[in-house]
Each structure stands twice: as structure tokens, then as C-alpha cells.
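Summary of structural features
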Amino acid sequence: MKIVVASGKGGTGKTTVATNLAWLASQHGLATAYLDCDTEAPNGHLFLRPVIEARHEVARMIPQVDAALCTRCGQCGELCQFSAIVCLGQKVLTFPELCHGCGGCQLVCPTHAITETPRAIGVVETGRCGALQFVQGRLHVGEAASPPVIQAVKQAAPRAELLIYDAPPGTACPMIEAVRGSDFVLLVTEPTPFGLHDLRLAMAVVKSMKIDCGVVVNRALSGIREARQLCQQARIPILGEIPDVLAIAEAYSEGKLAIEAVPGIRRTFAKLLLELTTAVRSEGLPETVRRSLNHVIHPSTEPMARPGQTADDRPTPVCYLALRAAGPKAKGV
Ligand code: SF4
Ligand code: SF4
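It should be emphasised that the depicted structure is a prediction, and the values quoted were computed from it without experimental measurement.

So, the overall build of the protein
The number of helices and strands found in the protein is 13 helices and 11 strands. If one aligns the C-alpha atoms of the protein with their principal axes, the spans along those axes are about 80 × 50 × 35 Å. Buried residues in the protein amount to 45% of all 333 residues. Partitioning the intrachain contacts of the protein with sequence separation of at least 6 by distance along the chain shows that 70% fall at a separation of at least 24.

Shown next as C-alpha cells:
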């Protein structure tokens, strides 16, 4: 299941939703990976605190001009839509930060004066946080084009039953690149005039890509009626509402996961995860995972024992952050 958590604008709580959902799913026995595609400002790691195990550079091919072969005809500059190559008098100048690596200039050059050379533009890091697999992309400072790094993050996706992609904010190329090829998009919004305006744009983009989507309303207090109305008109389901609680903002500012730090919020996210996965796939989650999450929502229900487990060692959510904080004495970490 590939689910992208996106938003029409920054600051709606997209990373809060993505990290808490991924962490919760992994705690309840679902093989899960969190992939941070917000490559200009990846911050999921601040909450999940993964151990990074591997790192690789992402490069893009940019043109290199052989002055001896160049006739200064100017055809490369005329073709380039990004002004990344310009013929000025007796010189051909290249601007690697603006280049999109399309290779067009090389194709039109009549004297084959242009070759391509790799240029590092970012890095992809992979690691783990307890049972949760972690991938993040990071665009190098000063680089303008994040889609190639986002593509590299997607290519580095590990094997998992649930892949949660944290998309860049907005509705431009980086968001579209993150959403492309996904099974479902969860749009995070806040019920303010700005939030709902940008939600409309995000809905339109996702619909134009013919990908199913749902909405989660963060800081659901005033304005929730307008948000519900908008979603009803657009025929897009609201899969969850996260209350406007100061403790969630405090947990965020301290780099803590809301489900670990705020009493009662684990239940909100458990409901959201069930609604979300059922919206993506009618059969939803495996029975053991669903029972385990239902136990969070209705503590009176019994979580199902996994094969080989007795009734007394049923899956109990493990807080790896707490175990790690307890140091080497904590067994099994
Ligand atoms: S590769 Fe494409 S974007 Fe880059 S300079 Fe050439 S034409 Fe422009
Ligand atoms: S198209 Fe080739 S020959 Fe013409 S200006 Fe560009 S690099 Fe030089």
C-alpha cells in the first residue's frame, strides 16, 4: 500500500500525521516504511530519530561544452526552456543549478560539442527506527530542483506492507513527483480560510492525476463546518479529525511523537489508520493488526494472538523511543 501524506500548504501538520501513522502501524505489527520526500526540509527524522545505516549521493547529468568544437550557433540556448545554457557572443555559459537534465541541448548541438557530466544535487539516507524502516531525501543547499531526489527516495523504498510517503508541501512539481504512482493520497488540512483554499488546489491536482484521496482535518475546532462542507461538495471523505490540543503542539516543538506524548491521541490515530487503510484497500489491514488497533480504540476488546503466541504474550505495542532512552539495559533494542 503506497500512501502519500500531502497538503496544499506548509504548516498543516503533514509530518505529524505521516510520522505518527507510520510509527503506530509499525508498533502494531505491520511491516511499514516512512519515506520523507520533503527533500528541501526533511524533518520526520526529528520525531522518529532513526539510526541511519546507508547513504548515497543523487546526481543529475548537466551539459559540458567543448569550446574547441562549439561554433557559437546559439541553438542550445534557444532550445533550453530554463535559461540553463546561454550563448553570449563568443562564449557559451551554463548554469548547472537551473538545468533540469533533459538532454535537449546535447541533441540539438550540430557539432556534438556538448557532453553530459554528473553533478551531485542531494543525498538519500536509509535506516531504521525500531521496527519502522526509514528513508529520507535531502537536497543539497543551493540546489533548485528536488524531483530527482524525490525519485531517488521512491526508488530506495524497502519491501513493506505499508509505505507512507511524506510529500513536500504545495501543489507544484515536487508534490506531483511524490504523489505520482501512489495508491492513495491523504490530504492534511487545517480549517482556516488559507488552509481550505490550498486544500481545494491540492484536491484538484490529485483528482487530475486520477488518484483516490481522503482528508484529515488537523486542529479541528473553529472552521470545521466549512471543511466538512468543502469535502462533501468535492465528494472526498474526511477520514479523521485531529483535535486542536495544545499538548500536540508542545509535543511537536519538543520533537516528540504525539501518540507517545499526548494521552488519548493514540486512539485518534488508530481510528485514522483503520479508516485510511480501508479506504485504500477494501480488505483493509491484516486481521491481527486490525484487532490490535481496535484494542486501542476499544480497550475492552481483546487483541488477537499471532501464530505461535499464547494468550498471555499477545502483541503489546512497544515504545522503542522509551526503550532506547532507557539505554543498553533495555532488552531487545
Ligand atoms: S539539459 Fe535541458 S535543461 Fe539542461 S541546459 Fe540542456 S536543455 Fe537546458
Ligand atoms: S548548439 Fe553546440 S555549437 Fe551551437 S552554441 Fe551550443 S554548444 Fe555551441
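Now, onward.
Here we look at the nonpolar core
Judged by nonpolar contacts, the single largest core of 76 residues is most densely connected at Val-5, Ala-6, Leu-21, Ile-164, Leu-186, Leu-187 and Leu-273. The contact partners of Ile-164, leaving out residues within four places of it in the chain, are Ile-3, Val-5, Ala-18, Leu-21, Ala-22, Thr-32, Tyr-34 and Leu-35. In terms of nonpolar packing, the next biggest core, distinct from the first, is built from 12 residues, Ile-62, Val-65, Val-92 and Ala-113 among them.

Quick look at the site of ligand 2
Close contacts around ligand 2 come from 15 residues, with Cys-70, Cys-73, Gln-75, Cys-76 and Cys-109 the closest. Of the residues that constitute the shell around ligand 2, the class distribution is 10 nonpolar, four polar and one charged.

What about the sheet that holds strand β3 (residues 51-65)?
One open sheet holds the nine strands; their spatial order is β3-β6-β7-β2-β8-β1-β9-β10-β11, and the pairing between them is mixed. Each end of this open sheet is capped by a strand with a single partner; those strands are β3 and β11 (238-243). Taking each pair of neighbouring strands and ignoring which way they run, the sheet shows an average axis angle of 20°. The pairing of strand β2 (residues 32-36) with strand β8 (residues 162-166) spans five bridges and is classified as parallel. Among the inter-strand pairings, Tyr-34 is bridged to a residue of β8, identified as Ile-164. Across the sheet, helix α1 (residues 14-27) touches β1 (2-6), β2, β7 (132-139), β8, β9 (184-189) and β10 (213-220), and the angle it forms with β8 is around 165°.

Calculation rules
Residues numbered from 1 in each chain as written. Chains lettered and ligands numbered in written order. Predicted model: local features only at pLDDT ≥ 70, side-chain atom pairs only at ≥ 80, totals over all residues. Helix = DSSP H or I, 4+ residues; strand = E, 2+ residues; numbered from the N terminus. Buried ≥ 20, exposed ≤ 12 C-beta atoms within 10 Å, placed from the backbone. Contact = placed C-beta atoms within 7 Å. Core = buried A, V, L, I, M, F, W, Y, C linked by C-beta atoms within 7 Å. Near = placed C-beta within 6 Å. Nonpolar A, V, L, I, M, F, W, Y, C, P; charged D, E, K, R; others polar. Pairing = 2+ DSSP bridges. Axes fitted to C-alpha atoms, helices over the stretch in contact; angles between N-to-C directions.

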